[in-house]
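# Geometric and topological summary
Residues per chain are reported as follows:
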Amino acid sequence: MTSASSMPVSCALLDPARTAERLPYPLLVKALTALLQDPSVQVPARLVLPLPGGGSLFVMPALDGLSAITKLITFTPANAGRGLATIQGDVVVFDVATGQRRLILDGPTVTARRTAAVSVLAAQRLAPCKQGPLLIVGAGVQGKAHLEAFAEGLNTREFLIASRSLSSAQGLAHYAQTLGLQARVVLDADAALADCPIAVTCTPAHEVVLGALPRGDAFVAAVGAFTPKMAELSPELCRYFAAHGTVVVDTVDAAHEAGDLLQAGLEVTRFASLADVVRTEAFAAKGPVLFKSCGWAGWDLAAARTALAQAVGPHAD
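Residues numbered from 1 in each chain as written. Predicted model: local features only at pLDDT ≥ 70, side-chain atom pairs only at ≥ 80, totals over all residues. Heavy atoms only, no water.

### Some points on the pattern of salt bridges
Enumeration over the complete set of coordinates arrives at nine salt bridges. The closest approach of N and O atoms between Arg305 and Asp38, which form a salt bridge, is 2.5 Å. Of this pair, Arg305 sits in helix H10 (residues 297-309) while Asp38 sits in the loop between helix H2 (25-35) and strand E2 (47-50), placing them 267 residues apart in sequence. The exposure class assigned to Arg305 is partly exposed, which follows from its relative accessible area of 22%. (Salt bridge = Lys/Arg side-chain N within 4 Å of Asp/Glu carboxyl O. Helix = DSSP H or I, 4+ residues; strand = E, 2+ residues; numbered from the N terminus. Buried < 20%, exposed > 50% of the residue type's maximum accessible area, 1.4 Å probe, protein only.)

### Things to note about unusual backbone geometry
Here the bond from Gly132 into Pro133 is cis, since omega is 5 degrees, no more than 30 degrees from zero. Inspection of the secondary structure puts Pro133 in the loop between helix H3 (107-126) and strand E7 (134-137). Despite not being glycine, Asn155 has its phi angle at roughly 55 degrees, a positive value. Tracing the chain through its elements places Asn155 in the loop between helix H4 (141-153) and strand E8 (158-162). Unusually for a residue other than glycine, Ala205 sits at a positive phi of about 60 degrees.

### Notes on the pairing of E7
Burial of the side chains of E7 extends over both faces: Leu134 and Ile136 are buried on one face and Leu135 and Val137 on the other. Direction of pairing for E7 relative to E8: parallel, over a ladder of four bridges. Opposite Leu134, over in E8, you have Phe159 as the bridge partner. Taken together, the four bridges between E7 and strand E10 (residues 198-201) define a ladder with parallel strand orientation. The residue of E10 that forms the bridge with Ile136 is Val200. (Pairing = 2+ DSSP bridges.)

### Description of the pairing of strand E9 (residues 182-185)
Inspection of the sheet shows E8 paired to E9 by four bridges, in the parallel sense. Note on E9: the bridge partner recorded for Ile161 is Val185. Crossover connection from E8 via helix H5 (residues 166-178) to parallel E9: handedness right-handed. (Right-handed = clockwise from strand over helix to strand, strands pointing away.)

Right, here's the structure in full:
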């Protein structure tokens, strides 16, 4: 006879659509805030293994008092020219007490949604002017996620979209319009920056896409570059934010990952992290704000917490 303790526990394998359903942006933002205030959270440095052909394998573990996760994904930049996703893989969620798998989430969906939610949290806390329009540079998966996240999390209603691919920009603008939002394509991101108090750069970071000096009330979230060799913002723009405004990084790991800042010759350890912002009642940001996001397994743990909380009832999966 098999004891109850040894009975297998079902593990839900969620496809992209079902993963997205489990990760509504408002709840993700709340989970991110709670995670940054939880002393039980442990996040070791992620392991990045180069793959033949220019790709990378990322192994990203994290845990708290209840759950342990590992995100196992590949990043293959060349896939952009093959019609394939550049990020592929899964997030596996385990129960700490029993070691049993609880969930397997779609890795690219988790990455897109938690990254956009982190940008929204940073904007909520740091943006001098929270009204739109919002400039989105990059009309791929992250561009779409940020459009949705800012519409839901900051009630942004107007968007300007710039992309190297005009058809992609037009497609994202049309998608925004189907959601009842205002959106239009712009050909010059630098020129559009003057009209937008909030901007997000979420490109593959092959080259600099933003270099114009920001407005005095600007908030720019740069999320596309996550290695020392990648950069979306010009060195001059990064140095301007450091000298005349405020720079905040998503985590202390940005000290060796934030290519935009490192290539500008800036000492990244001098900048506050998002945890510092959340844990300080009245964090003082002056002038234009640059939020540099590189990614962190802690964000994936917050997503796992959110997904687990949405599993209500015995037939949820």
